[in-house]
Every structure is written in structure tokens, then in C-alpha cells.
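# Structural features, examined
Each chain is listed here by its residues.
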Number of protein chains: 2
Amino acid sequence: MTRRGPVIVLMEPQLGENIGAVARAMLNCGLDELRLVRPRDGWPSEKARAAASGADRVCDAARVFDSLDTAIGDLGFLVATSARPRGMVQRVVDARQGAALLHARAADGVATGVLFGPEATGLTNDDLTAADVILDIPLNPDFASLNIAQAVMIVAYEWYLGGRAGGGRARVGSDRSPPAAKGEILALFSHLEAELDAAEFFRNPKMRPTVVRNLRNALSRAGLSEAETRTLRGVVKALSHARKARARRE
Amino acid sequence: MTRRGPVIVLMEPQLGENIGAVARAMLNCGLDELRLVRPRDGWPSEKARAAASGADRVCDAARVFDSLDTAIGDLGFLVATSARPRGMVQRVVDARQGAALLHARAADGVATGVLFGPEATGLTNDDLTAADVILDIPLNPDFASLNIAQAVMIVAYEWYLGGRAGGGRARVGSDRSPPAAKGEILALFSHLEAELDAAEFFRNPKMRPTVVRNLRNALSRAGLSEAETRTLRGVVKALSHARKARARRE
């Protein structure tokens, strides 16, 4: 069981107090790498530092990104937290299972991360498409609105315990070639979608977002390796090339 | 597995915001009975209500007590949270084991509770003496200072999950007569100590607090039943009576 912890990524966090409380909860559980995507009130934050109650080194080392894609680009396994993955065809795990998966992937040398959404709204379905699995913390269905620092606490606590009760070590793809970094996966998505646009694949523009999401989810679920991702890039390129060549001939 | 949840008891909570965050965390996990012992800033609290983010019914139903003894008097099984039970001879469990014990006792019809200390200082050794077990949440030893609402969250979350991984149902005393209510236990303690004072048992007054604590801890560890508690009251009474009678004869 490795102690190499996941990166915690906060998408558009709103309150400095919450970011500080997240930093404190992280360090309580031995996690220290925090990434912030477009924090609403800027960074650094005095309110965050006060709420961190001594977890200064987590705040000091926090990195700010202007897009989710860049924030997760180097990660090979991403867990996204969501209370309501509506209409998404993705694998959903609870916090304990999620912790077991994080340990298993880290043991295989994969850089891992956990993504949390903005306080008021949570992650969008688009944010979720880059995730390998969705983590849904089991809670009272009549009052499931969880403070973001509390959500981080539970995930970090389960990680700290080692995902001991997660049904054993998950073995997702560990006997295959290394997983693709998220940056490669996202490049594959973009490449594919640009070519689909060029090919006028999206007949109904209103449906484009839904179709793109479904495609991304399907590919994310696959847990693509580096080699597979390269292969798929080649597939997209080859198909588009054939189309372009045909267009030239016609 | 019963869903009858433990009472959450906060000893001298300081910040209304924290009490509200505790209420929210409780309701997230289906717990709704909150007791406050001497809240520093009074009760009710607007700050608590704001921080509860909709868990109003937990705040509205919260009861205030002016002593720990009265707050826990009707409980039959008490878990006290402490990061540092220094020099205390009591049973220490982690959050998962604690949750399993709470479920097991509740399944036996016992009223249960979990006690949390003040934010800055935690519970005193004296506060801990009435507890059946001490719950120590496993955390990063280099940064274990946990926000009180986070501590409640972890305990409530583990309770909500049912203490599933706690090594099975704990069977502490479940085949014996019903456990004594804490009020009966505390009355036994007081009775015993008054008689010990009268008997000039405490030769060194400076050592009295330590000796009292050790006695209380030993008796708390026993998990006394109602019947046993009555018996012990009788023992104390009988012994004192013999001493008093001898005193009269002399």
C-alpha cells in the first residue's frame, strides 16, 4: 500500500474559508498537493490561510490553473466527486472504493487526483467527462448537501485509512501498459471532436454537447493506456485523412 | 443493523459556526439529536443557523445543559472522542470500530451518545471518565488538529455506513442485563467518592483528582449493567454503614 497521495483539485472554489478548510482536512490525512481552477476570489487568500489553522504549507504550495484541462493534464487517474451524475454513463464508486482505486493506481506508479466542484453547483456533466470514475459519497438522501471541506475530509480520511474495506486492491488495467495522462486523453477528445466538426458529424447543433459528453464518457470509462491513446489518435487521423483525400478526389 | 442514531453531545462548544456545521454534518448522515453543554456564546445562535445550511431542525431541537452529567444522564453507552487520552486506562477504538459498537448497543435497545470536546482544548481527562470507550480518529500524526465539525463528520459518516468494516458486530455485554444509564453510574461515582471522603480515604488531597479519575475509569471500563450498578451502590452503602456504626461504637 503506497502512501503517495492523490492531488486534490478544486474547480472554481468560491470561499477562501472553504479552501483553507480543505487544506487543513488534506493535511489531517497526509495529503499536501492542492490545485485550484479559477478560484473566484483570487489567490493567495488571507481567509484561506486563517481557516487552514496551520496547514500553511498546503496553501503555500497550492497551484492555480485557468482551466480544468491544464490542472489535470499530468494525471493518469482521476476521480471526480459528484452527488448527482445525472444521465452519465460512468462508473460510480463510494468513498471507500474510490480510496482503494487511488491506492491501487498509485501503487502502479500512476499520478492520481480527486476533483471537487464549486460549492453551490458541483461539477458539471462536462467536468465529469475526463474522470475515470465518479465518487458519490453515501449520505442521507433527504439532506445530502455536503460542505466542500467535509467532502474532502471524507475522501481524504478514506484514503488515509488505505481504502482497507474497498473489497481488496482494484486491478483496473494494472497489467496493461501505463495509463494515458489526462492531457493525452483530452488531446484525443479535442482531435476527435475537431475532426467530427469538420466532417459535419453533428447534424443537430443543439445535440452536439450531449453527443460530445457521451463520447468522452465512453472513452473515459475505457481507462485508456498511453499506447491505446496513441493508437486512437492514429485512428482519428487516418479516418480524417481518408475523408480529406476523398474530398480532394471528388 | 439499527438506524437509531447516537445523540451528539458537544462539551462547551465555542463558535456558533462550528455548532451549525456540526448540525449540518449530523443531518448529512441521518443524525438529528444534538445536545450542548454550556455553549460559550449562548443558544440559540444565528451564526449556527447560517452555518447549518438548512439543517434547521437539528438546531431547533438542540437541547442545552449546564453540566455534562445531566447531558449524558439518560444514555447507556457513551463514546468520547479524544486525540490524546493521556495516561487513561480506557479502551480506545477508531471511528470504524466506534461506529460498530454504537450500532451493536443500539441494536440491544441501549441509548447511545458520542461526546466531543471544546474546539481549543478537547475533553479533559475528567470528562472522559464517564465514557465506555474512547474514540481516537486515525490521522496524520504530524497534523492531527481536527476541526470539530470534521470530527463529527467522520464519526457520523462511519455510523451512517453502519460500521461495516469494524470487525463485525461488537458484543460488549449484550447478553447481560441492560446497561446502567450514565446517570446511575455517575450517582454511583458520587456516592462512592463522598463516602471515601468521609472515610478520609484520600490521604493526599493533591492526589485526589487522579485517584478519582482512575477509579471512575476502571468502573467505566466494566460496562456496568443496571443490576450491577445497584449492587455496587449497595456495597458502598453497606461498607460506609459498617464504618459509621463502628464510629458510633467508638
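The sections below set out a description of the structure shown in this document.

### A look at the environment of Gly162(A)
Structurally, Gly162(A) can be placed in the loop between helix 7 (148-161) and helix 8 (182-198). Taking the C-alpha atoms as reference, Gly162(A) lies 9.8 Å from Ala104(A); in sequence the two are 58 residues apart.

### Things to note about the packing of aromatic side chains
For the structure shown, the criterion picks out two aromatic pairs over all chains. Each ring, one from Phe201(B) and one from Phe202(B), has its centre 4.9 Å from the other, and the planes form 85 degrees; the classification is edge-to-face. Residue placement shows Arg208(A) over the ring face of Phe202(A); its charged tip is 4.7 Å from the ring centre.

### Notes on the sheet that holds strand 5 (residues 92-93) of chain A
Residues and elements named next belong to chain A. In spatial order, the strands read 3-2-1-6-4-7-5; together these seven strands make up an open sheet with parallel pairing. Each end of this open sheet is capped by a strand with a single partner; those strands are strand 3 (63-65) and strand 5. For strand 4 (residues 77-81) and strand 6 (residues 112-116), the ladder comprises four bridges, and the chain directions are parallel. Residue pairing in the sheet places Val-79 in a bridge with Val-114 of strand 6.

### Thoughts on the side chain of His103(B)
Residue and element names in this part refer to chain B. Relative to the assigned elements, His-103 resides in helix 5 (residues 95-107). Relative accessible area serves as the criterion here: at 1%, His-103 is assigned to the buried category. Here the side chain of His-103 touches Trp-159 through a polar contact of 2.7 Å, landing on its backbone oxygen.

### Observations concerning the nonpolar core
The biggest cluster of nonpolar side chains holds 91 residues, and the ones touching the most others in it are Ile8(A), Leu34(A), Ile137(A), Ile8(B), Leu34(B) and Ile137(B). If near-sequence neighbours (up to four positions away) are discounted, Ile8(A) is found in contact with Val22(A), Met26(A), Leu31(A), Glu33(A), Leu34(A), Arg35(A), Val114(A), Phe116(A) and Val152(A).

### Quick word on the environment of Leu10(B)
All names here are of chain B. Relative to the helices and strands, Leu-10 is located in strand 1 (residues 7-11). Each C-alpha atom of the pair Leu-10 and Leu-36 lies 5.0 Å from the other, and the pair is 26 residues apart in sequence. Once you skip the residues sitting within four places of it in the chain, Leu-10 turns out to touch Ile-19, Val-22, Leu-34, Arg-35, Leu-36, Val-37, Phe-116 and Ile-148.

What counts, and at which threshold
Residues numbered from 1 in each chain as written. Chains lettered and ligands numbered in written order. Predicted model: local features only at pLDDT ≥ 70, side-chain atom pairs only at ≥ 80, totals over all residues. Heavy atoms only, no water. Helix = DSSP H or I, 4+ residues; strand = E, 2+ residues; numbered from the N terminus. Phe/Tyr/Trp six-rings, centres within 6.5 Å; stacked < 30°, edge-to-face > 60°. Lys NZ or Arg CZ within 6 Å of the ring centre and 35° of its normal. Pairing = 2+ DSSP bridges. Buried < 20%, exposed > 50% of the residue type's maximum accessible area, 1.4 Å probe, protein only. Polar contact = N/O pair within 3.5 Å; in protein donor to acceptor, adjacent residues only side chain to side chain. Core = buried A, V, L, I, M, F, W, Y, C linked by side-chain atoms within 4.5 Å. Contact = heavy atoms within 4.5 Å.

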